[in-house]
Amino acid sequence: MQYYSLNDNSHRVSFEQAVVAGLAPDKGLYFPDHIPELEKDLVHYLENYDDFDITYRAIQPFVGKEIPAATLQSIIHNTLCFPFPLRPVEKDVYALELFHGPTLAFKDVGARFMAGCLGYFRRNDERPVTVLVATSGDTGGAVAAGFHHVPGVRVVILYPSGKVSTLQEKQLTTLDGNISALEIQGTFDDCQRMVKTAFLDQELQQRCLLTSANSINVARWLPQMFYYLLACKQVKVEGWNPEIVFSVPSGNFGNICAGIMATAMGLPVKHFVASTNVNDTVPRFMSSGQYEPHPATPTLSNAMDVADPSNFVRILQLFSNSLPSLQQQMSSYSFTDQQTLAAMEQVWKAHGYMLDPHGAVGYLGLQQYLQQQGQPVSGIFLETAHPVKFADTAPRELQAAIEVPQRVKALYAQPKHAVLLPNDYQALKEWMMRF
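Reading guide: rules and limits
- Residues numbered from 1 in each chain as written.
- Predicted model: local features only at pLDDT ≥ 70, side-chain atom pairs only at ≥ 80, totals over all residues.
- Heavy atoms only, no water.
- Buried < 20%, exposed > 50% of the residue type's maximum accessible area, 1.4 Å probe, protein only.
- Helix = DSSP H or I, 4+ residues; strand = E, 2+ residues; numbered from the N terminus.
- Axes fitted to C-alpha atoms, helices over the stretch in contact; angles between N-to-C directions.
- Parallel < 35°, antiparallel > 145°, perpendicular 65-115°, else oblique.
- Left-handed = near helix turned anticlockwise from the far one by under 90°.
- Contact = heavy atoms within 4.5 Å.
- Nonpolar A, V, L, I, M, F, W, Y, C, P; charged D, E, K, R; others polar.
- Salt bridge = Lys/Arg side-chain N within 4 Å of Asp/Glu carboxyl O.
- Pairing = 2+ DSSP bridges.
- Polar contact = N/O pair within 3.5 Å; in protein donor to acceptor, adjacent residues only side chain to side chain.
- Disulfide = S-S within 2.5 Å.
- Phe/Tyr/Trp six-rings, centres within 6.5 Å; stacked < 30°, edge-to-face > 60°.
- Lys NZ or Arg CZ within 6 Å of the ring centre and 35° of its normal.
- Expected span 1.5 Å × (residues − 1).

Caption draft 1: Structural detail: helix α20 (residues 425-433). Buried residues dominate α20, accounting for seven of its nine residues. Of the positions making up α20, those classed as buried are Tyr425, Ala427, Leu428, Lys429, Trp431, Met432 and Met433.

Caption draft 2: Representation of the packing of helix α11 (residues 225-238) against helix α12 (residues 254-264) within the structure. Running from amino to carboxyl end, α11 crosses α12 at an angle of 55°, the nearest separation of the two axes being 8 Å. Classified by the angle between their axes, α11 and α12 sit oblique to one another. The handedness of the crossing between α11 and α12 is right-handed. Taken together, the residues of α12 that come into contact with α11 (itself represented by Met225, Tyr227 and Tyr228) are Asn255, Ile256, Ala258, Gly259, Met261 and Ala262. Within the contact of α11 with α12, the residues separate by chemical class into seven nonpolar, two polar and no charged.

Caption draft 3: Representation of the pattern of salt bridges. In this structure the tally under the stated criterion is 15 salt bridges. Between lysine 270 and glutamate 243 there is a salt bridge, and its shortest N-O distance comes to 3.9 Å. Remark: glutamate 243 occurs in the loop between α11 and β10 (244-249) and lysine 270 occurs in the loop between α12 and β11 (271-276); sequence separation between them is 27 residues. Owing to a relative accessible area of 32%, lysine 270 belongs among the partly exposed residues under this scheme. A salt bridge links arginine 284 to aspartate 280, with the shortest nitrogen-to-oxygen separation between them at 2.9 Å.

Caption draft 4: Structural context of the pairing of strand β4 (residues 86-90). Across four bridges, the pairing between β4 and strand β5 (residues 93-97) is antiparallel. Opposite arginine 87, over in β5, you have alanine 95 as the bridge partner. Where β4 folds back on β5, the antiparallel hairpin that results is connected by two residues, among which aspartate 92 adopts a positive phi of roughly 65°.

Caption draft 5: The sheet that holds strand β8 (residues 179-185), seen in detail. The strand order β9-β6-β7-β8-β14 describes an open sheet built from five strands, whose pairing is parallel. Edge positions in the sheet fall to β9 (209-211) and β14 (419-422), since each has one partner strand and no second. Shown here is a sheet whose adjacent strand axes are inclined to one another by a mean of 30°, direction ignored. Relative to β9, strand β6 (residues 129-134) runs parallel, the two being bridged by three bridges. Each bridged residue has a counterpart across the sheet, and for threonine 130 the counterpart in β9 is leucine 210.

Caption draft 6: Structural detail: the environment of asparagine 9. Inspection of the secondary structure assignment puts asparagine 9 in strand β2 (residues 8-14). Residue classification places asparagine 9 among the partly exposed positions, given a relative accessible area of 44%. In sequence terms asparagine 9 and tyrosine 30 are 21 residues apart; their C-alpha atoms lie 9.7 Å from each other. For asparagine 9, the side chain forms a polar contact with the side chain of arginine 12, separated by 2.7 Å.

Caption draft 7: Quick peek at the state of the cysteines. Summed over all chains, the structure comprises zero disulfides. Free of any disulfide, cysteine 257 has its nearest neighbouring cysteine sulfur in cysteine 232, separated by 16 Å.

Caption draft 8: Spatial organisation of the sheet that holds β4. Sheet architecture is open: six strands sit in the order β4-β5-β13-β10-β11-β12, paired in mixed fashion. Pairing within the sheet leaves two strands with one partner each, and these edge strands are β4 and β12 (330-334). Shown here is a sheet whose adjacent strand axes are inclined to one another by a mean of 25°, direction ignored. With five bridges joining them, β11 and β12 adopt parallel strand pairing. Opposite threonine 276, over in β12, you have serine 334 as the bridge partner. Contacts from α12 reach β10, β11, β12 and β13 (378-383) within the one sheet, and its direction differs from that of β11 by about 175°. Contacts between helix α17 (residues 357-373) and the sheet are confined to β4, β5, β10, β11, β12 and β13, with β13 contributing the most and set at about 160° to the helix.

Caption draft 9: Region of the structure containing the environment of asparagine 178. Looking at the element boundaries, asparagine 178 is found in the loop between α7 (166-173) and β8. Apart from the residues within four sequence positions on either side, asparagine 178 is in contact with Phe147, His148, His149, Val150, Val153, Arg154 and Val155. There is a polar contact of 3.0 Å between the side chain of asparagine 178 and the backbone nitrogen of histidine 149.

Caption draft 10: Local environment of the packing of aromatic side chains. What the rule picks out here adds up to 18 aromatic pairs. An aromatic cluster is present here, built from Phe82, Phe84, Tyr227, Tyr228, Phe246 and Phe272 joined pairwise through their rings. Its guanidinium or amino end placed over the ring of tyrosine 120, arginine 123 lies 3.9 Å from that ring's centre, counting from NZ or CZ.

Caption draft 11: Up close: unusual backbone geometry. If you check the backbone angles, lysine 27 has positive phi at about 80° while not being a glycine. For lysine 27, a relative accessible area of 35% corresponds to the partly exposed category. Even without glycine at this site, leucine 104 takes up a positive phi of about 65°. Here leucine 104 is to be found in the loop between β5 and α5 (107-121).

Caption draft 12: Spotlight on the packing of helix α3 (residues 51-63) against α11. Closest axis-to-axis distance for the α3/α11 pair is 10 Å, and the angle between their directions is 140°. Viewed along their axes, α3 and α11 adopt a mutual orientation that is oblique. Crossing of α3 over α11 shows right-handed handedness. Contacts between α3 and α11 pair Asp51, Ile54, Thr55, Ala58, Ile59 and Phe62 from the former with Met225, Phe226, Leu229, Leu230 and Lys233 from the latter. Of the residues belonging to the contact of α3 with α11, the class tally is eight nonpolar, one polar and two charged.

Caption draft 13: Representation of α17 within the structure. Helix length check: α17, at 17 residues, gives a terminal C-alpha distance of 25 Å against a target of 24 Å (1.5 Å per residue), a fit within 8%. Of all 17 residues in α17, 13 are buried, a share of seventy percent or more. Positioned one or two residues after α17, glycine 374 has a phi angle of 75°, which is positive.

And the structure:
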């Protein structure tokens, strides 16, 4: 499998080169040169296959022979060391819980998979690699945990000051060793812009071998297919309605893009809903055909506070840049903080299920789609983070009911270690050039 830049089809690299580089030299995202097909027997009889066998068969064509089978299987086992259960919430509506990993967020999957791949690729290289990543909340914690103490890898995380939750910041700023946190006086889009600029800076590249662990990196993006595959398997095992609709809380759009990639490979999914907060660039595009990002607005669902989602270009590529084709497979709706809070309260009172703000947005998107369609389906919304990560912004009457894992209590007691930097690329460059 080769990967090409979405800015230049003639620029081709291997899986290893795409993972190590993160971003193409022309600033384009890497995309596979073809989409493999899932084996028909696997698709039709998912319930008969082991989870590790399903996920290995899905990801192996993207890796090819660049990682030995036994090593790739070990990476997958380490990635899938926690469950992804489907929880019934109400009739024909299920929460896909992706927060049972080390940092209580769905991004543990991609971060752990990428850490395994990068660790293998750098095993004989004496030159350390710097993983440079921007986070709107959960990515940074997952990357920090996934790469903590990985030999030959240094991690630098940029996050927007005052725009992540207390627990998210603790997960970013309390690890030692090879993890550095930079608190940027700006938005997530500013952080992401600084990271992309760094990848184009030849002087910095000569000093530091850089790669990205955002979902722009193929090793972070593609393994997110795993939980869509395993959710479809669970629907079959339970004998639920096989017509499946996924509603995905969407910020940088890597998560939903991975799900759509799985369907392009043959996974039978009826429809996707891209649910956003008031940062509604994609919902507006789906209605008007005009892609016009506005400045990012801070919300309760802060991991989705992205005005210009990087991975949306990959979604367009999957549909040959045809908006009508995309509209057949995906809908997109946006919701306010007020609607988000109301959904959290309503679902808790009516069904005893605790949503986090991102899951609440996913729930609202699913409900809007179902009301418009009126056909029975298995509606699945993704619960991408544990509610405790946003306990300080949850409705007051719900806060006492939020479960606090013991490991979280211990984390709150750890001191914060972060470097405060202005929203200025030169300040970032000067800081990194010291090493």
